[in-house]
Amino acid sequence: MCCYDSGAKDVQNHRVQTMNKTAKSTCDSDRQSKKVKTSHGSTQGTQGQKADVKGCAAGKDACSPGPERSSESSHTMQKRSQKEAKSTRSDSPSSQQHLMKTSSAEDEKSDVDLYRDEDEIQKELQDKQQSESAAVGETQSSVSAAEDLQTYSQREWKGNTTKSLLIRKGYETIASEFKLRRVRGDNYCALRATLFQVLSQSKQLPAWLHDSDISEWPKETQSDQDFIKEWQFPFETSKSKVQHLEQCLELLKQRWEESVQCRSLEERERMFQEVFRGHDEEYELLEALKFLMLRTAIHLHSDMEKGSDVPEFCWLLYARDSSKCPKMFFTNHLRHVGFSGGLEQVEMCLLGYSLQQTMQVVRLYKCETEEFITYYPNDHKKDWPTLCLLTEDDRHYNVLVPKKSSKFDAYGRPKWNPPSDGQPSKTTHL
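Residues numbered from 1 in each chain as written. Predicted model: local features only at pLDDT ≥ 70, side-chain atom pairs only at ≥ 80, totals over all residues. Heavy atoms only, no water.

Trainee: In this structure, what is going on with the side chain of Arg-320? I would like to understand it.
Mentor: Mapped onto the secondary structure, Arg-320 falls in the loop between helix 14 (312-317) and helix 15 (326-332). Taking relative accessible area as the criterion, Arg-320 reaches 15% and is therefore assigned buried. The residues touching Arg-320, leaving out its near neighbours within four places in the chain, are Phe-329, His-333, Glu-344, Val-346 and Glu-347. (Helix = DSSP H or I, 4+ residues; strand = E, 2+ residues; numbered from the N terminus. Buried < 20%, exposed > 50% of the residue type's maximum accessible area, 1.4 Å probe, protein only. Contact = heavy atoms within 4.5 Å.)

Trainee: Honestly, helix 12 (residues 265-275) in this entry has me stumped. Any pointers?
Mentor: For an α-helix, the turn length of 3.6 residues means that residues three or four places apart are oriented alike. Every buried residue of helix 12 is accounted for by Arg-268, Met-271, Phe-272 and Val-275. Looking down the long axis of helix 12, one finds its buried residues gathered within 105° of arc, a one-sided arrangement. With respect to the buried face of helix 12, the exposed residues turned more than 90 degrees away are Glu-266, Gln-273 and Glu-274. (Arc of directions from axis to C-beta.)

Trainee: Looking at this model, I keep getting lost on the packing of helix 8 (residues 189-201) against helix 12. Mind explaining?
Mentor: Geometry of a packed helix pair, given as the angle between the helix axes and the separation of the axes. Two elements in contact, helix 8 and helix 12, have axes separated by 10 Å at closest approach and are oriented at 150°. It follows that helix 8 is roughly antiparallel to helix 12 by the angle criterion. Our pair here, helix 8 against helix 12, has a crossing hand that is right-handed. Of the residues in helix 12, those in contact with Phe-196, Leu-199, Ser-200 and Gln-201 of helix 8 are Arg-268, Met-271 and Phe-272. In the contact of helix 8 with helix 12, the residues fall into 4 nonpolar, 2 polar and 1 charged. (Axes fitted to C-alpha atoms, helices over the stretch in contact; angles between N-to-C directions. Parallel < 35°, antiparallel > 145°, perpendicular 65-115°, else oblique. Left-handed = near helix turned anticlockwise from the far one by under 90°. Nonpolar A, V, L, I, M, F, W, Y, C, P; charged D, E, K, R; others polar.)

Trainee: Which parts of the structure should I look at to understand the confidence of the model for the protein?
Mentor: Low pLDDT means the predicted atomic positions in that stretch should not be read closely. Of the residues in the protein, 61% reach a pLDDT of 70 or more, and the chain-wide mean stands at 75. Contacts for the low-pLDDT stretch residues 83-114, under 50 throughout, to residues beyond four places or in other chains number 6 contacts. A low-confidence stretch, residues 132-138 (pLDDT under 50), is modelled with 4 contacts involving residues beyond four sequence positions or located in other chains. (pLDDT = per-residue confidence, 0-100.)

Trainee: Please clarify how the nonpolar core should be interpreted in this entry.
Mentor: Membership of the largest hydrophobic core comes to 68 residues, with the highest contact counts inside it found for Leu-191 and Met-348. If one sorts the elements of this core by residue count, helix 13 (residues 280-306) sits on top with 13 residues. Sequence-distant contacts of Leu-191, that is, excluding residues within four places in its chain, are made with Leu-286, Leu-289, Lys-290, Met-293, Val-337, Leu-343 and Leu-351. Residues Tyr-152, Phe-178, Cys-367 and Tyr-375 belong to the second largest nonpolar core, which totals 18 residues. (Core = buried A, V, L, I, M, F, W, Y, C linked by side-chain atoms within 4.5 Å.)

Trainee: Where do I start with the sheet that holds strand 5 (residues 386-391) in this structure?
Mentor: Across a sheet, strands are paired by hydrogen bonds formed along the backbone, either parallel or antiparallel in direction. Read from one edge of the open sheet, 6 strands run 1-2-6-5-3-4, paired in mixed fashion. Unpaired on one side and paired on the other, strand 1 (147-148) and strand 4 (373-376) mark the two borders of the sheet. Note that strand 1 and strand 2 (residues 178-181) share 2 bridges and pair antiparallel. Pairing of Asp-148 across the sheet is with Lys-179, part of strand 2. Along the sheet, helix 16 (residues 345-355) contacts strand 3 (358-363), strand 4, strand 5 and strand 6 (397-402); its crossing angle with strand 3, the most-contacted strand, is approximately 145°. (Pairing = 2+ DSSP bridges.)

Trainee: Looking at this structure, how should I read helix 6 (residues 149-156)?
Mentor: Turning to helix 6, its buried residues are Leu-149, Tyr-152 and Ser-153. For helix 6, the buried positions fall inside an angular range of 95° around the axis, keeping them on one side. Turning to helix 6, the residues buried within the fold contact strand 1, helix 7 (162-174), strand 2 and strand 6. Two or three places before Gln-150, at the start of helix 6, stands the capping residue Asp-148, its side-chain oxygen 3.3 Å from that residue's backbone nitrogen. (Polar contact = N/O pair within 3.5 Å; in protein donor to acceptor, adjacent residues only side chain to side chain.)

Trainee: I tried to follow a negative patch on the surface on my own but got confused; where do I start?
Mentor: A cluster of acidic side chains, namely Asp-213, Glu-216, Glu-220, Asp-224 and Glu-250, defines a negative patch on the protein surface. Glu-216 sits in the partly exposed class, given a relative accessible area of 33%. (Patch = residues over 30% accessible without salt bridge, like charges linked within 9 Å, V, L, I, M, F, W, Y side chains within 5 Å. Areas by Shrake-Rupley, 256 points an atom, 1.4 Å probe, with all protein chains shown as cover. Salt bridge = Lys/Arg side-chain N within 4 Å of Asp/Glu carboxyl O. Lys, Arg positive; Asp, Glu negative; His and termini not counted. Charge placed at Lys NZ, Arg CZ, Asp CG, Glu CD.)

Trainee: Teacher, can you tell me more about the pairing of strand 2 here?
Mentor: Consecutive side chains along a regular strand alternate between the two faces of the sheet. Judged from the 4 bridges that link them, strand 2 and strand 6 form a sheet pairing that is antiparallel. Bridged to Lys-179 within strand 6 is Val-401.

Trainee: Can you help me understand the pattern of salt bridges in this one?
Mentor: Oppositely charged side chains may form a pair once their charged atoms are brought near each other. Applying the stated criterion across every chain, the model contains 20 salt bridges. Across the salt bridge formed by Asp-393 and Arg-395, the nearest N and O atoms sit 3.6 Å from each other. Taken together, the salt bridges that share partners define one network made up of Glu-147, Arg-155, Glu-156 and Arg-182.

Trainee: Would you mind showing me how to read the side chain of Ser-215 here?
Mentor: Secondary-structure assignment places Ser-215 in the loop between helix 9 (207-211) and helix 10 (217-224). Looking at Ser-215, its side chain comes within polar contact range of the side chain of Asp-213, at 2.7 Å. A distance of 3.3 Å separates a polar atom in the side chain of Ser-215 from a polar atom in the side chain of Glu-250. Once residues lying within four places of it in the same chain are set aside, the contact partners of Ser-215 are Glu-246 and Glu-250.

Trainee: Is there a simple way to think about the packing of helix 8 against helix 11 (residues 241-261) in this case?
Mentor: Put simply, helix 8 and helix 11 touch, their axes get as near as 7 Å, and they point 40° apart. One way to sum up the angle between helix 8 and helix 11 is to call them oblique. Between helix 8 and helix 11, the residues in contact are Leu-195, Val-198, Leu-199 and Ser-200 and Leu-252, Arg-255, Trp-256 and Ser-259, respectively.

Trainee: What's the story with the environment of Thr-391 in this structure? I'm lost.
Mentor: If you trace the backbone, Thr-391 turns up in strand 5. Classification of Thr-391 by relative accessible area gives buried; the value is 0%. Residues Thr-391 and Val-362, 29 residues apart in the sequence, show an inter-C-alpha distance of 6.2 Å. Ignoring any residue separated from it by four or fewer positions in sequence, one finds Thr-391 in contact with Val-361, Val-362, Arg-363, Leu-364, His-396 and Tyr-397.

Now the structure itself:
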């Protein structure tokens, strides 16, 4: 019995030794393989190290008794889980954004009152999305929606300086009769505000636009006065400058006709949203207004030289050293409008005369003076429509929208302060 036990022990010890030798030889061969692979380059050496690590780990698992092997396997699984966790944390930005959006959407849903009807909740979410879309659309528009004058002035002029108090008082004076549409603040703002008022208030086409083929005017001007070759546009075009101006004038006539034909405020608003988007079409219309000013300036100068009666502002327009004649006026002033400068007051008169519209401008910094409300031109025609604009500094112009009131006549002219024939306008407190 004792011999059998001792013999069995010898056999068992022999088996263990044999297994240890086999495992040791496997690890040694792996190490030799690592040395050979390392000598072939850094990339292959790295791969050999990875293979050696895996081989040694397999050798340890094979060589170790049961409890040790279980411990090593647990350690390997722990490392693998840590690696997976790290991989999850280093996801791509798009995945993170998706998770953030999902989380945000879930947060939004979590704020919803679960006791309300599903239809009511859905309607509220749709209204919220529509309001956000409207806000984005407004930021892209060149002319904002109408807003309360006093609310705007209190937001923009919060200080107690002399100028702030004066501007706020000016706003307060006209707040009961008008609302405000803010106009994009660039060097086209006077033209843009005027164009908006023309399209928003016109009830019929003016005779000069209805009876004439205005698309021929650039060609006629080019043959009489070689100005158009110096014209500059705020956008690129493959057409000649004469052809492009013809296109601008045709577009102005088309949009003016569409405005007159509008049957409702909603239809008119849709047209505004198409036009005043800061795209090429808007600037083509503004360049068309500049061409009308040039053509009118040329004709008025010709009448002055003939001794014919001309509006009073013509003498001021051509009395400047920088605009002694139409050529100088165009080169030094008009061609730069929209680029490096806006319209001066005498040029506002020319714009109104060119469109046959009386431009009533509320000049806030002139509050409590005779120049608080000024007309461009001041020797206007009685049957011309009146456009209402507002300025705080004679540089930037916004649009005034009359509130529904019986104080305005069919031409949009305020009854409380009708324009006078060539007489200086006086301040009227509303």
